[in-house]
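# Architecture and fold: a report
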Amino acid sequence: MFCYQCDQTTRSENGDGCSTEKGVCGKDATTSDLQDLLVYAIKGIAQYGKRARDLGKTDKKADEFILYGLFTTLTNVNFNAHRFVELIHEAIEIRERVKTLYETVATEQGQAIEVLKGSASFIPASSQDDLLIQAQWGAILRGQDIVGDDIIGLRAMMIYGLKGTAAYAYHAFVLGYEDDVIYAGIEKALDFLSTDPTDADALLTGNMDIGTVNLKVMELLDAANTGNFGVQEPAQARITPIKGKAILISGHDLKDLHELLEQTKDKGINIYTHGEMLPAHAYPILRSYSHLVGNYGGAWQNQNKEFADFPGPILMTSNCLIEPTAAYKQRIFTAGPVGWQGVRHLENHDFSPLIKIASAMLGFKTDEAEKTVTVGFGRHAVLGVADKVIDAVKSGAIKHFFLIGGCDGAAPGRNYYTELAEKTPDDSIILTLGCGKYRFHEQDFGNIGGIPRLLDIGQCNDTYSAIQIASALADAFECEVNELPLSFMISWFEQKAVAVLLTLLSLGIRGIHLGPSIPAFITPSVLAILVDKFDLKANGDPAEDLAAALKKAA
């Protein structure tokens, strides 16, 4: 096992990376190695898929599998080794079908058939033990002794960016939105990686290409969310419980939430969101369900205590699962790509087992005093008052904008974002997204001329909203985004954040502050390139970083 794809990575003088029998996230060596082998197998699908697509033919089921398969390998998503054995063999079945499609269409069009090697010809062993021997072919460090750490790091950044991009694209897919341009971009990147590239410039370009594809993905997911649930609107989300039976839903998947709300109508069960589900309260269609009563708890890393204390069953969707404790393991369920051995998995949005447990439990015994937070300042809401924002900037009432957001985590150093937010001057606006907002979103930052100083844009994928807001401001002031009094203070945790970072870099955004630490796969040499090309900055002292940011005059 070797893994350094997230901020939980073990750091030491002997090198960074989780290489023990169990990673910090709880993923064991068997699961980790099988995940690497699944990614290797998926590259084979992409090799043939790209060539078939180049000849005008596609396999929609293969496209879906690539998204789903990559999603399962994200940090804190699926920890079930047996599931990965199944997925590896399924990947080969799909690859062979796509291979046949490619060879058939090539023959029909009189094209020479390419003989592909590596992952395109990989034959998996039948047993798990033998698959673990084969896992060395998909190991992230394979070839390190030949090509060096920098090339391995650039390849890893591409793979991790692709994982995040695929996860966002899968969220859109389950809501009925997809785009062949996205599938083509993902296949192209995987096909490129299947050649074990060694050119640093080509790899850096490949990373930027993934960022461009992810921008398209986030635009698609924005359309999927608003198309299904309406445009986000500023709203109050209750964060204290009320008396009654209860179900808690965590993760990111709004489709699962909608299905759960439908299945629990008129059953006397209240639904609470958790973690990245908080922005659901801003969507009018979801908010229209009266039994969506509030948000319980905070960011994902607190779930062991919060899930144990919650008096009802829990549904974990998409990513951010932590190893369940005995206090709630019998009442937590997974759905979609998520999984943990011994935890019940629900298929096809059938939540009846979950509802049955909720009906049998007492839930919250009393009402707590009502307390709320404001959500729903997506791009439509902010741009709807753009004239007021622009006037406030021109008058000097607003002098700076800070995007303080991204993923939260348990590692030391994340109090940086709390200190930063608290120290921002009263004439600045704070935009936040992702679960990093839990660090400070209950604080009252006041307002500027009726505009709240703290504007929650939504989930981590709502970076698209932030980009659109920045673009609109740049247009209004007839300048470039980099010339705006706008600072990006991004907290990263896992591969979705890598995809977002690549998107921002591909757009030419300069001066991004990244923390709480620089990803372990970004070597000193690669970091030097990113600093030179994009002025990427590592977090320092909050007060000093704030002072430097404020030098960008309004």
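Criteria and cut-off values
- The residue numbers shown here count from 1 along each chain, following its written sequence.
- With the structure being a predicted model, the display of local features is reserved for residues of pLDDT at least 70 and the display and counting of side-chain atom pairs for 80 or more, all residues being used for whole-chain, interface and lining totals.
- Side-chain numbers come from the whole structure's heavy atoms, not from hydrogens or water.
- Helix and strand definitions follow DSSP, with helices as H or I runs of at least four residues and strands as E runs of at least two, each counted in order from the N terminus.
- For the purposes of these results, a polar contact is taken to be a pair of N or O atoms within 3.5 Å, where, inside protein, one atom must be able to donate a hydrogen and its partner to accept one; residues adjacent in sequence count only when each atom of the pair is a side-chain atom.
- Note on definitions: a residue-residue contact is assigned when non-hydrogen atoms from the two residues lie within 4.5 Å.
- DSSP-based pairing: two strands are paired if at least 2 bridges between them are found.
- Axis definition: a line fit to C-alpha positions, over the contact stretch in the case of helices; interaxial angles, taken between N-to-C directions, run 0 to 180 degrees.
- Each residue gets one of three labels from its accessible area relative to the maximum for its type: buried under 20%, exposed over 50%, partly exposed in between, using a 1.4 Å probe on protein chains only.
- Within this scheme a cavity is a closed region of a 1 Å grid, computed over the protein atoms alone, that accommodates a 1.4 Å probe without allowing it to escape, whereas a pocket is open but has protein on both sides within 12 Å along at least five of seven lines; lining residues each have an atom within 4 Å of a point.
- Grid points are joined across faces, edges and corners, and a volume is the space filled by probe spheres set on the points.
- Residues are grouped as follows: Ala, Val, Leu, Ile, Met, Phe, Trp, Tyr, Cys and Pro are nonpolar; Asp, Glu, Lys and Arg are charged; all remaining types, including Gly, are polar.
- For the purpose of counting charges, residues Lys and Arg are taken to be positive, whereas Asp and Glu are taken to be negative. His and the chain ends are not included.
- When a carboxyl oxygen of Asp or Glu lies within 4 Å of a side-chain nitrogen of Lys or Arg, that pair is called a salt bridge.

## Describing the side chain of Asp59
With respect to the helices and strands, Asp59 occurs in the loop between helix H1 (29-54) and helix H2 (60-72). Within the structure, Asp59 has its side chain in polar contact with the backbone nitrogen of Lys61 (distance 3.1 Å). With sequence-adjacent residues up to four places away left out, Asp59 is seen in contact with Arg97, Val98 and Leu101.

## Details of the sheet that holds strand E6 (residues 332-335)
Judged by pairing direction, the sheet is parallel, and its six strands sit side by side in the order E4-E3-E2-E5-E6-E7 without closing on themselves. The sheet terminates laterally at strand E4 (292-295) and strand E7 (344-346), the two strands that pair on one side only. In this sheet, adjacent strand axes meet at a mean angle of 30 degrees when their direction is disregarded. Relative to E6, strand E5 (residues 314-316) runs parallel, the two being bridged by three bridges. Opposite Ile314, over in E6, you have Ile332 as the bridge partner. Across the sheet, helix H12 (residues 352-360) lies against strand E2 (245-250), strand E3 (269-273), E5, E6 and E7, angled at about 140 degrees from E2, the strand it touches most.

## Regarding the environment of Arg344
Along the chain, the position of Arg344 falls in strand E7. Judged by relative accessible area, which is 38%, Arg344 ranks as partly exposed. Residues Arg344 and Lys329, 15 residues apart in the sequence, show an inter-C-alpha distance of 9.1 Å. Apart from the residues lying within four places of it in its own chain, the contact partners of Arg344 are Gln330, Arg331, Ile332, Phe333, Thr334 and Ile357. At a separation of 2.2 Å, a polar atom in the side chain of Arg344 contacts the main-chain carbonyl oxygen of Gln330.

## Digging into empty space enclosed by the protein
Tallied over the full model, the rule gives 14 cavities of 30 Å³ or more. The computed volume of the largest cavity comes to approximately 300 Å³. Lining of the largest cavity is provided by 23 residues; of these, Lys43, Gly138, Ala139, Ile140 and Ile159 occupy positions nearest its centre. Secondary structure elements with two or more residues in the lining of the largest cavity: H1 and helix H6 (149-174). Residues that form the lining of the largest cavity fall into these classes: twelve nonpolar, four polar and seven charged.

## Points about the side chain of Arg155
Within the element layout of this structure, Arg155 appears in helix H6. The charged side chain of Arg155 is buried without a salt bridge, its nearest counter-charge being Asp196 at 4.3 Å. Within polar-contact distance, the side chain of Arg155 engages the backbone oxygen of Pro197 at 2.9 Å. Beyond its immediate sequence surroundings of up to four residues, Arg155 is in contact with Arg142, Val147, Leu193, Asp196, Pro197, Thr198 and Leu203.

## Some points on unusual backbone geometry
Of note, the bond from Gly515 into Pro516 is cis; its omega dihedral lies within 30 degrees of zero at 10 degrees. Along the polypeptide, Pro516 turns up in the loop between strand E15 (513-515) and helix H18 (524-534). One non-glycine residue, Ser318, lies in the positive phi region at around 50 degrees. You can see Ser318 is positioned in the loop between E5 and E6. Notably, Glu478 is not glycine yet its phi reads approximately 50 degrees, a positive angle. Mapped onto the elements, Glu478 comes out in the loop between helix H16 (463-476) and strand E14 (486-491).

## Some details on the layout of surface pockets
Here the largest pocket defines a volume of roughly 610 Å³. Counting only elements with at least two residues in the lining of the largest pocket, the list comes to H2, helix H3 (81-108), H6, helix H9 (254-263), E6 and E7. Across the lining of the largest pocket, the residue classes break down as 14 nonpolar, ten polar and nine charged.

## A closer look at the environment of Ser119
Mapping Ser119 onto the fold places it in the loop between H3 and helix H4 (128-134). With residues near it in sequence (within four places) discarded, Ser119 still touches Tyr40, Lys43, Gly44, Gln47, Arg95 and Ser194. A distance of 2.7 Å separates polar atoms of two side chains, one belonging to Ser119 and the other to Gln47.

## What to know about the sheet that holds strand E13 (residues 454-458)
On the basis of which strands lie adjacent, the open sheet formed by six strands has the order E13-E10-E9-E14-E15-E16 and parallel pairing. Looking at the sheet topology across the chains shown, the edges are occupied by E13 and strand E16 (537-538). Against the sheet, H16 touches strand E9 (400-406), strand E10 (428-433), E13 and E14, its axis set at about 125 degrees to E13.

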